[in-house]
Amino acid sequence: MSVHEIAPIAQTLHSRYGGSKMAVIIGCPGYLVATKDCKDVEGDAAKKGTAAHNAAEFCLKYRIMDAVNIIGSEFYGHTVDEEMAEGINIYLQYIRGLMLKHPNATMHIEPKVTMSSVAHVDDNVFGYIDCLIMVLDEGVLYVIDFKFGMVVVDVKDNSQIAHYAVSALDTYNLWFRVNKVIGVIVQPRKEHSDGLVRSTEFSIEDLMKWRDVIVDAIRKSKEPDPMRIAGTHCHYCPKRGECRARMLYTVTLSTTLKPNGDMTDDEIAVVLENIPSMLKNIEAMKEHALSISRGGTIPTGYKLVRASARSVCSDPDKFVNEMAAVNPAFKKEDSYWPGNMKGKTELKKKRSKEEIEIINKYFPTPDANTQLVPLSNPKSAINTDASQAFKGVIL
């Protein structure tokens, strides 16, 4: 067994047309233009996924046979726990099983692969494969992608795997040395009918067709005003809260544009598939509306108000003791509803001045955030226009 090209842990350089973005770009040519000014925000789930990748790479690089041995180690700000170690082991065992099955195979860990055959449309199309195994004496290439997330990733018709496969054939000049490419998804934390490890086979002809699809997507994305097209690929798009195409798609799916009758089974199936993206779109729209309102641009018919904020007792035991010290008749059960503590307002009823001071001490008023509400809401609006603060003042 030979091991080559162990790249540094935690890659930071990414291509605009990288494998992880290709499905979105194929589905929505306008994605790159729409999001060019958006900051990449890495959520906790993404960070945990990167940590798992780095830990798995570490195990392969240093030939650590059991990820249990790195429990407690920190990668990318996350500490490896039993769950992460178990998931990494499933990935490691699959790879090592392949290497035992194919003793003449060559393994490449996190290699950078560049799709040079599409340089006529863009010369910066590349990506990093989690694990690439070449079995050249059998004419087979394995492209293995480790997924640690909880969103199901299907291996069939997977543009990311196809991107990596084409890029690998280009990078290592294997178009005429390989008969097929096996794409593999290892996703240990999410059950799937095809198992935690699932694969698909690409012929060379299949990958030539995928290359044409990628070339077409890159060309369309570079048009002066590329079309935005909505779909399930909108799920993580940072513009999903203000994109007209996304909202129209959500509304279309909600109404099916048919005024009468019941939805067909096929229509229901399409809506069910898109519900996660539809909900993301609606939540993002609300967040965007709130953000621009805080900046002074409030949608017609709405106003910005202070949100209600509930005070929470900072130390229930000390609170009860101090209340009992000034009022011997006060009992612990007086401060509780069945199952949870009473609120600040309820506790203040029929209390002495000294008792109210204790309540205020242990129930600090939290900072109230702002929220967007219809004009019919009885709460007073917050003035977001600084110029109004000087209205009537003669300078």
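Residues numbered from 1 in each chain as written. Predicted model: local features only at pLDDT ≥ 70, side-chain atom pairs only at ≥ 80, totals over all residues. Heavy atoms only, no water.

Student: Which residues make up the overall build of the protein, and what values do they have?
Tutor: Of regular secondary structure, the protein possesses 11 helices and 14 strands. Here the C-alpha coordinates of the protein stretch approximately 90 × 60 × 55 Å along the principal axes. Looking at the 395 residues of the protein, the share that counts as buried comes to 41%. For the protein, the proportion of contacts with a sequence separation of at least 24, taken over those separated by at least 6, is 71%. Counting only carbon and sulfur atoms, one obtains 53% of the accessible surface of the protein, whose full area is about 22,600 Å². Of the charged side chains in the protein, 48 are positive and 50 negative, and the gap between their average positions amounts to 8 Å. (Helix = DSSP H or I, 4+ residues; strand = E, 2+ residues; numbered from the N terminus. Buried < 20%, exposed > 50% of the residue type's maximum accessible area, 1.4 Å probe, protein only. Contact = heavy atoms within 4.5 Å. Areas by Shrake-Rupley, 256 points an atom, 1.4 Å probe, with all protein chains shown as cover. Lys, Arg positive; Asp, Glu negative; His and termini not counted. Charge placed at Lys NZ, Arg CZ, Asp CG, Glu CD.)

Student: Hey, could you go over the nonpolar core for me, with residue numbers and the actual values?
Tutor: In this structure, Leu132, Leu141, Val143, Leu169, Val181 and Leu207 are the most contacted members of the largest nonpolar core, which totals 40 residues. If near-sequence neighbours (up to four positions away) are discounted, leucine 141 is found in contact with Leu132, Ile133, Met134, Ala168, Leu169, Leu174, Val178, Lys180, Val181 and Ile182. Within the second largest apolar cluster, 33 residues are counted, among which are Ile64, Leu92, Met99 and Ile133. (Core = buried A, V, L, I, M, F, W, Y, C linked by side-chain atoms within 4.5 Å.)

Student: Before we move on, could you go through the pairing of strand β8 (residues 140–146) and cite the residues and values that matter?
Tutor: Most of β8 sits out of view: seven of its seven residues are buried. The alternating pattern of β8 places Val140, Tyr142, Ile144 and Phe146 and Leu141, Val143 and Asp145 on opposite faces, both of which are buried. Here strand β7 (residues 131–135) pairs with β8 via five bridges, running antiparallel. Across the sheet, residue isoleucine 133 finds its bridge partner in β8, namely tyrosine 142. Count of turn residues in the β7/β8 antiparallel hairpin: four residues, of which glycine 139 carries a positive phi of about 70°. Pairing analysis gives seven bridges linking β8 to strand β9 (residues 180–186), with the strands arranged parallel. Looking across to β9, one finds that valine 140 is bridged to lysine 180. (Pairing = 2+ DSSP bridges.)

Student: Now, about unusual backbone geometry: what can you tell me, with residues and values included?
Tutor: Of note in this structure, aspartate 157 is not a glycine but carries a positive phi near 55°. Within the secondary structure, aspartate 157 sits in the loop between β8 and α5 (159–171). Located in the positive-phi region is lysine 350, a residue other than glycine, with phi close to 55°. For lysine 350, the position within the fold is in the loop between α10 (344–347) and α11 (353–362).

Student: Give me the packing of aromatic side chains: which residues, what numbers.
Tutor: The tally for this structure, following the rule as stated, stands at eight aromatic pairs. A centroid spacing of 4.8 Å and a plane angle of 50° characterise the contact between phenylalanine 58 and tyrosine 62, whose relative ring orientation is tilted. Given the relative accessible area of 48%, tyrosine 62 is considered partly exposed. Look at phenylalanine 146 and phenylalanine 148: their rings are 6.1 Å apart centre to centre, the planes differ by 55°, and that puts the pair in the tilted class. Judged on exposure class, the residue phenylalanine 146 and its partner phenylalanine 148 are both buried. An aromatic cluster of three or more residues is present, and its members are Phe319, Phe330, Tyr362 and Phe363. Seen from the ring of phenylalanine 126, lysine 112 lies directly overhead, with NZ or CZ sitting 4.4 Å from the centre. Across the ring face of tryptophan 175, the terminal group of arginine 211 is positioned such that the distance to the ring centre comes to 4.7 Å. (Phe/Tyr/Trp six-rings, centres within 6.5 Å; stacked < 30°, edge-to-face > 60°. Lys NZ or Arg CZ within 6 Å of the ring centre and 35° of its normal.)

Student: Give me helix α8 (residues 265–294): which residues, what numbers.
Tutor: Spanning 30 residues, α8 covers 43 Å between terminal C-alpha atoms, matching the ideal 44 Å at 1.5 Å per step. Taken as a whole, α8 carries its principal kink of about 55° at isoleucine 275; the proline proline 276 stands between one and four residues after it. Residues Glu267, Val271, Asn274, Ser277, Met278, Asn281, Ala284, Ala289, Leu290 and Ser293 constitute the buried set of α8. Positive phi shows up at glycine 296, right after α8, with a value of about 110°. (Expected span 1.5 Å × (residues − 1). Bend = angle between axes of the 7 residues up to and from the residue.)

Student: Describe the state of the cysteines, listing the residues and the values that go with them.
Tutor: One pass over the structure, following the stated rule, counts zero disulfides. Here cysteine 131 is not cross-linked by a disulfide; its sulfur's nearest cysteine counterpart is in cysteine 59, at 13 Å. Of all cysteine sulfurs in the structure, the one in cysteine 237 sits closest to cysteine 234, which takes part in no disulfide; the separation is 6.4 Å. (Disulfide = S-S within 2.5 Å.)

Student: If you had to explain the pattern of salt bridges to someone new, which residues and values would you point to?
Tutor: Applying the stated criterion across every chain yields a total of 12 salt bridges. A salt bridge links aspartate 37 to lysine 36; its shortest N-O distance comes to 3.2 Å. Among the salt bridges present, the one from lysine 180 reaches glutamate 201, with a minimum N-O distance of 3.7 Å. Pair noted here: lysine 180 is in strand β9 and glutamate 201 is in strand β10 (residues 197–203), with a separation of 21 residues, a long-range link. For lysine 180, a relative accessible area of 29% puts it in the partly exposed group. When salt bridges with common partners are traced through the structure, they connect Lys48, Glu83 and Arg189 into a single cluster. (Salt bridge = Lys/Arg side-chain N within 4 Å of Asp/Glu carboxyl O.)

Student: Report on the packing of helix α1 (residues 19–27) against α5, specifying residues and quantitative values.
Tutor: Running from amino to carboxyl end, α1 crosses α5 at an angle of 120°, the nearest separation of the two axes being 7 Å. Compared by their axis directions, α1 and α5 come out oblique. The hand of the α1/α5 crossing is right-handed. Residues Gly19, Ser20, Met22, Ala23 and Ile26 of α1 form the contact with α5, whose own contacting residues are Ser159, Gln160, His163 and Tyr164. When grouped by side-chain class, the residues that make up the contact of α1 with α5 number four nonpolar, five polar and no charged. (Axes fitted to C-alpha atoms, helices over the stretch in contact; angles between N-to-C directions. Parallel < 35°, antiparallel > 145°, perpendicular 65-115°, else oblique. Left-handed = near helix turned anticlockwise from the far one by under 90°. Nonpolar A, V, L, I, M, F, W, Y, C, P; charged D, E, K, R; others polar.)

Distances and angles like these do not, on their own, reveal function.
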